[in-house]
Amino acid sequence: MTASTNPFLDATAQEELYRNASRLAARTSALHRAKTWGRAVAEVIADLATAHLPAPEVPLVIDVGCGRGTSSRVLAERLRPRRLIGIDASAAMLDDARARLGVTDSAVSFVQADFRHLPVPTGACTMAVAAFCLYHAPRPEAVIAEIARALTSGGIAILVTKSADSYHDLDILVADAGLDPDASYRESLYAAAHSGNLADLTEPVLPIEHFEHEEHGFTFTNLGHVAEYLATSPKYQLPAELRGDPTAIASALRTRLPDEPVSTTSVVTYLLARKPGGER
């Protein structure tokens, strides 16, 4: 899979993936119901922020690639910043975030923008979060540089991504079932910014203070549950009659594989970096 065919790096494919919130919501639901271990990502982000923020008072936080607003909600509740801005390229994601958060507080707002051109002044942000979005950039280091521009001296960036081989057991399952024989060899959706290269992308731009990996485990109850996830993943090149249809995918899997629980893992990586200068 090249950059031009990786759906996470192709602008047209990205627009289709995030045209509405239902696909991401279904994917998240399938994963959350399968999860057997691993901390809640938004809570870990908030824990890191609390431990590393330069001062108790937080003037401005930006949540870059905020999606449906899960991290935005937790950060608003736990950090109580004077202002929090959720930023995403998808209008549909932002509408869903507003609805989920029931935003009435003027301290929280959501803005549609390209993460390569953040809609905040230079040096304005105490903290920036970019969780599960950098792998959508052909040049993620440019996005990290833009985040660094937005940070005040002493401000922190918390970057979160996944390992390149996340959910690889599902790739093997799809290949073994004959639904996509090349699934286990195709380039990772997370190829641009993953657990193995995130530090190398960040170090030339911002000094790293904290870096950790955490394995998350998932057990799907049966092939129907697996199919709910597969129907939302753009990685697989399934037959046309199966694409986006969990019922049809489940039926196809059951003709080829035993209908039993399926386990897989993913590694989530957290990196915290600080812009030089300012008081600690």
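In the block above lies the structure referred to throughout.
Keep in mind it's a predicted model, so treat the numbers as computed, not measured.

Outline the overall build of the protein, supporting the account with residue identities and numerical values.
Check the secondary structure of the protein and you find 10 helices and 8 strands. Here the C-alpha radius of gyration of the protein, 19 Å, is about what a compact globule of 280 residues would show, namely 19 Å. Expressed along its principal axes, the backbone C-alpha trace of the protein runs to roughly 60 × 40 × 35 Å. In the protein, which comprises 280 residues, the proportion classed as buried is 52%. Pairs at least 24 apart in sequence give 80% of the contacts found in the protein among residues at least 6 apart. Only carbon and sulfur atoms are counted for the fraction: they give 50% of the accessible area of the protein, which is about 12200 Å². Averaged over its 26 positive side-chain charges, the protein has a centre that lies 5 Å from the centre of its 34 negative ones.

Before we move on, could you go through the pairing of strand β5 (residues 125–131) and cite the residues and values that matter?
Along a regular strand, successive side chains alternate from one face of the sheet to the other. Burial within β5 is extensive, with 7 of its 7 residues counted as buried. For β5 and strand β6 (residues 151–162), the ladder comprises 6 bridges, and the chain directions are parallel. What sits directly across from M127, in β6, is I156. With helix α6 (residues 140–150) bridging β5 and its parallel neighbour β6, the resulting β-α-β unit is right-handed.

Now, about the side chain of N197: what can you tell me, with residues and values included?
Examined against the element boundaries, N197 turns out to sit in the loop between α7 (168–176) and α8 (198–202). Among the polar contacts made by the side chain of N197, one reaches the main-chain amide nitrogen of H194 at a distance of 2.8 Å. Among residues more than four places away in sequence, those in contact with N197 are A191 and A192.

Tell me about the sheet that holds strand β4 (residues 108–112), residues and numbers included.
Each strand in a sheet pairs with its neighbour through backbone hydrogen bonds, running either in the same direction (parallel) or in the opposite one (antiparallel). The sheet built from 8 strands is open, its strands ordered β1-β7-β8-β6-β5-β2-β3-β4 with mixed pairing. Two strands bound the open sheet, and with one partner strand each, they are β1 (35–37) and β4. If you compare each strand with its neighbour and ignore which way they point, the axes differ by 20° on average. Of the pairings in the sheet, the one linking β6 to strand β8 (residues 262–274) comprises 7 bridges and is antiparallel in character. Across the sheet, the residue bridging to T161 is T269, located in β8. Across the sheet, α6 lies against β2 (60–64), β5 and β6, angled at about 150° from β6, the strand it touches most.

Break down the packing of helix α3 (residues 41–52) against helix α4 (residues 70–79) for me, citing the residues and quoting the values.
One can describe the packing of α3 onto α4 by two numbers: an axis separation of 9 Å at closest approach and a directional angle of 40°. Taken together, α3 and α4 sit at an angle that is classed as oblique. Read as a crossing pair, α3 and α4 show a hand that is right-handed. Along its contact with α3, which presents A42, E43, I45, A46, D47, A49 and T50, the element α4 presents T70, S71, V74, L75, R78 and L79. Residue composition of the contact of α3 with α4, grouped by class: 7 nonpolar, 3 polar and 3 charged.

For the environment of H168, give the residues involved together with the corresponding values.
As for its position among the elements, H168 is in helix α7. With 61 residues separating them along the chain, H168 and A107 place their C-alpha atoms 40 Å apart. H168 has contacts with S184 and T264, leaving out every residue within four places of it along the chain.

With reference to specific residues and values, describe the packing of aromatic side chains.
Enumeration over the complete set of coordinates arrives at 6 aromatic pairs. Between F220 and Y229, the ring centres sit 6.1 Å apart and the planes meet at 50°, which makes this aromatic pair tilted. In terms of burial, F220 and Y229 fall into one category: buried. Linked through ring pairs, Y167, F218, F220 and Y229 together constitute an aromatic cluster.

With reference to specific residues and values, describe the environment of H213.
The topology assignment puts H213 in strand β7 (residues 208–220). Note on H213: relative accessible area 44%, which makes it partly exposed. Sequence separation between H213 and Y270 is 57 residues; the distance between their C-alpha atoms is 6.5 Å. There is a polar contact of 2.6 Å between the side chain of H213 and the side chain of T269.

An account of the pattern of salt bridges is needed here, citing residue identities and associated values.
Using the criterion set out here, one finds 17 salt bridges in the structure. Measuring nitrogen to oxygen at the nearest pair gives 2.3 Å for the salt bridge that ties E228 to R33. Taken together, the residues span a long stretch of sequence, with E228 in helix α9 (residues 223–230) and R33 in helix α2 (residues 22–34) at a distance of 195 residues. In this structure E228 comes out as partly exposed when scored by relative accessible area, which is 28%. Between E209 and R274 there is a salt bridge whose closest N-O contact spans 2.6 Å. One end of the pair, E209, is in strand β7; the other, R274, is in strand β8, with 65 residues separating them in the sequence. One salt-bridge network, held together by shared partners, links R39, E212 and E214.

Conventions we followed
- Residues numbered from 1 in each chain as written.
- Predicted model: local features only at pLDDT ≥ 70, side-chain atom pairs only at ≥ 80, totals over all residues.
- Heavy atoms only, no water.
- Helix = DSSP H or I, 4+ residues; strand = E, 2+ residues; numbered from the N terminus.
- Rg over C-alpha atoms; globule rule 2.2 N^0.38 Å.
- Buried < 20%, exposed > 50% of the residue type's maximum accessible area, 1.4 Å probe, protein only.
- Contact = heavy atoms within 4.5 Å.
- Areas by Shrake-Rupley, 256 points an atom, 1.4 Å probe, with all protein chains shown as cover.
- Lys, Arg positive; Asp, Glu negative; His and termini not counted.
- Charge placed at Lys NZ, Arg CZ, Asp CG, Glu CD.
- Pairing = 2+ DSSP bridges.
- Right-handed = clockwise from strand over helix to strand, strands pointing away.
- Polar contact = N/O pair within 3.5 Å; in protein donor to acceptor, adjacent residues only side chain to side chain.
- Axes fitted to C-alpha atoms, helices over the stretch in contact; angles between N-to-C directions.
- Parallel < 35°, antiparallel > 145°, perpendicular 65-115°, else oblique.
- Left-handed = near helix turned anticlockwise from the far one by under 90°.
- Nonpolar A, V, L, I, M, F, W, Y, C, P; charged D, E, K, R; others polar.
- Phe/Tyr/Trp six-rings, centres within 6.5 Å; stacked < 30°, edge-to-face > 60°.
- Salt bridge = Lys/Arg side-chain N within 4 Å of Asp/Glu carboxyl O.

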